[in-house]
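Here's the letter readout for the chains.
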Amino acid sequence: RIDKGVRIAPSTEPFTANASAPIGATAQYQVDVTLFPNVTYYDVVIEDVLPAGAVLQNASISGPTVSPADAQINNPANWQRTNPSGNLQRWTYTGTNGDFPRSEDPQPRTLTLRYDVLLSNSVPANVNSLPNTAKFEWANTSAGDEREPIDSSATVRVLNPALAIVKKVDGEDEVTRN
């Protein structure tokens, strides 16, 4: 299972499926993946295609990490982040041959990835909604013959400013001429 949520910085409210923000704001995203016990996830990859005009803030990336903690999965050196094309961001797990081994704990684990995205002024003017989908993908065998993808989305509704033009004459709202 995967859940993607969004909130607008500097909020500390829970992440939800939808948020609203003006251009220039920072959207904070969180991806949570439930990892079931007694399952080995081979060749793990997390992908996220950011909407047009959304700029990943590299310094804000937190994770991926798993809880309960796993020293291999939580080691940043075991994750490779690439930007293969356009707005596609990819995190590939490289530790333990790219596999998340079965957990000895009977409880599910949660893999979490957080990052901030600036809603830049390059968001197209006619766009009012910025859906964003994250995908968690793995192979179901060590041979990697079949891949299993799951995804989840969160959307930022762009708040457009309400522009008004007020014309004044000599600094006055109304001028009476005799």
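Draft legend 1. Highlighting the overall build of the protein chain. When its secondary structure is counted, the protein chain shows 0 helices and 10 strands. Helices and strands in the protein chain line up, N terminus first, as β-β-β-β-β-β-β-β-β-β. The C-alpha atoms of the protein chain give 22 Å as radius of gyration, which overshoots the globular expectation for 178 residues (16 Å, by more than 25%). C-alpha atoms of the protein chain, sized along the principal axes, occupy 90 × 30 × 25 Å. Here the protein chain, with 178 residues, has 39% of them falling under the buried criterion. Sequence-distant contacts in the protein chain: of pairs separated by 6 or more residues, those separated by 24 or more amount to 71%. In the form shown here, the protein chain has an accessible surface area of approximately 10200 Å², with 48% of it arising from carbon and sulfur atoms. Averaging the locations of the 14 positively and 20 negatively charged side chains of the protein chain gives two centres separated by 6 Å.

Draft legend 2. Spatial organisation of the environment of Thr155. Mapped onto the elements, Thr155 comes out in strand β10 (residues 147–159). When the C-alpha positions of Thr155 and Gly24 are compared, they lie 16 Å apart, and in sequence the two are 131 residues distant.

The rules behind these values
Residues numbered from 1 in each chain as written. Predicted model: local features only at pLDDT ≥ 70, side-chain atom pairs only at ≥ 80, totals over all residues. Heavy atoms only, no water. Helix = DSSP H or I, 4+ residues; strand = E, 2+ residues; numbered from the N terminus. Rg over C-alpha atoms; globule rule 2.2 N^0.38 Å. Buried < 20%, exposed > 50% of the residue type's maximum accessible area, 1.4 Å probe, protein only. Contact = heavy atoms within 4.5 Å. Areas by Shrake-Rupley, 256 points an atom, 1.4 Å probe, with all protein chains shown as cover. Lys, Arg positive; Asp, Glu negative; His and termini not counted. Charge placed at Lys NZ, Arg CZ, Asp CG, Glu CD.

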